[in-house]
Amino acid sequence: MEKRIATDIKTEVWYSIIESLKKNGWKVTTEYNQFDKGIDFDLYELTLNGEKIVFAWDNWFEGEIKCTEQRMKNLETTFGIEFKFGKPEHLSRNLIDKMKSLLTKK
């Protein structure tokens, strides 16, 4: 399935999407867990029924979300927002594989 990457998501919105998904049964399977978590950088991978959503954030470019086209539409409808799809700073590459030593798998 084709995945899309939304960019430039305001920090408060980005975190609220993650928290809402967790309350609705999505599980955090990977999480950035270093000293600068939430200050300079943050990353989560959430899963539900085999579907994955990857979230990356930094204090310069704000949030990014990578998921299927259908899930992206669902998130826009649920949160009443319209995502932008610019050039991603973090999720264009396989960030989770590159950062294995800095991530906590759950």
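S.K.: Help me understand the overall build of the chain in this model?
M.R.: Tallying secondary structure elements over the chain gives three helices and six strands in all. When the helices and strands of the chain are listed from N to C terminus, the series reads β-α-β-β-β-β-α-α-β. Burial analysis of the chain (106 residues in total) assigns 43% to the buried set. Sequence-distant contacts, at least 24 apart, represent 61% of the contacts inside the chain between residues at least 6 apart. Carbon and sulfur atoms make up 50% of the accessible area of the chain, which amounts to about 6,300 Å² in all.

S.K.: Can you help me understand the side chain of E64 in this one?
M.R.: Tracing the backbone shows E64 in strand β5 (residues 62-68). A polar side-chain atom of E64 sits 3.1 Å from the main-chain amide nitrogen of H90. Apart from residues lying up to four places away in sequence, E64 is in contact with I5, A6, T7, I9, W14, V54, F55, A56, P88, E89, H90 and L91.

S.K.: For this particular structure, what's the right way to read the pattern of salt bridges?
M.R.: Working definition: two side chains of opposite charge can pair if their charged atoms are close together. Taken as a whole and judged by the stated rule, the model has six salt bridges. For R4, the salt bridge identified is with E69, shortest N-O distance 3.3 Å. A residue pair is termed long-range when its members are at least 10 positions apart, and R4 in strand β1 (residues 3-9) and E69 in helix α2 (residues 69-79) qualify at 65 residues. The partly exposed category is assigned to E69, whose relative accessible area is 32%.

S.K.: Just to check I follow, could you spell out the packing of aromatic side chains for this structure?
M.R.: The description of an aromatic ring pair rests on the distance of the ring centres and on the angle between the ring planes. Here the structure, examined in full by the defined rule, presents five aromatic pairs. Geometrically, the ring pair formed by Y32 and F41 is edge-to-face, given 4.9 Å between the ring centres and 85° between the ring planes. The structure contains a cluster of three or more aromatic residues connected by ring pairs, namely W14, Y15, Y44, F55 and W57.

S.K.: Which parts of the structure should I look at to understand helix α1 (residues 11-23)?
M.R.: The end-to-end C-alpha separation of α1 is 19 Å, in line with the 18 Å expected for 13 residues at 1.5 Å each. Looking only at α1, the buried set comprises T11, W14, I17, I18 and L21. For α1, the arc enclosing every buried residue in end-on projection is 135°, short of the 170-degree limit, so these residues lie on one face. When the buried face of α1 is taken as reference, the exposed residues oriented beyond 90 degrees from it are E12 and K23.

The rules we used
- Residues numbered from 1 in each chain as written.
- Predicted model: local features only at pLDDT ≥ 70, side-chain atom pairs only at ≥ 80, totals over all residues.
- Heavy atoms only, no water.
- Helix = DSSP H or I, 4+ residues; strand = E, 2+ residues; numbered from the N terminus.
- Buried < 20%, exposed > 50% of the residue type's maximum accessible area, 1.4 Å probe, protein only.
- Contact = heavy atoms within 4.5 Å.
- Areas by Shrake-Rupley, 256 points an atom, 1.4 Å probe, with all protein chains shown as cover.
- Polar contact = N/O pair within 3.5 Å; in protein donor to acceptor, adjacent residues only side chain to side chain.
- Salt bridge = Lys/Arg side-chain N within 4 Å of Asp/Glu carboxyl O.
- Phe/Tyr/Trp six-rings, centres within 6.5 Å; stacked < 30°, edge-to-face > 60°.
- Expected span 1.5 Å × (residues − 1).
- Arc of directions from axis to C-beta.

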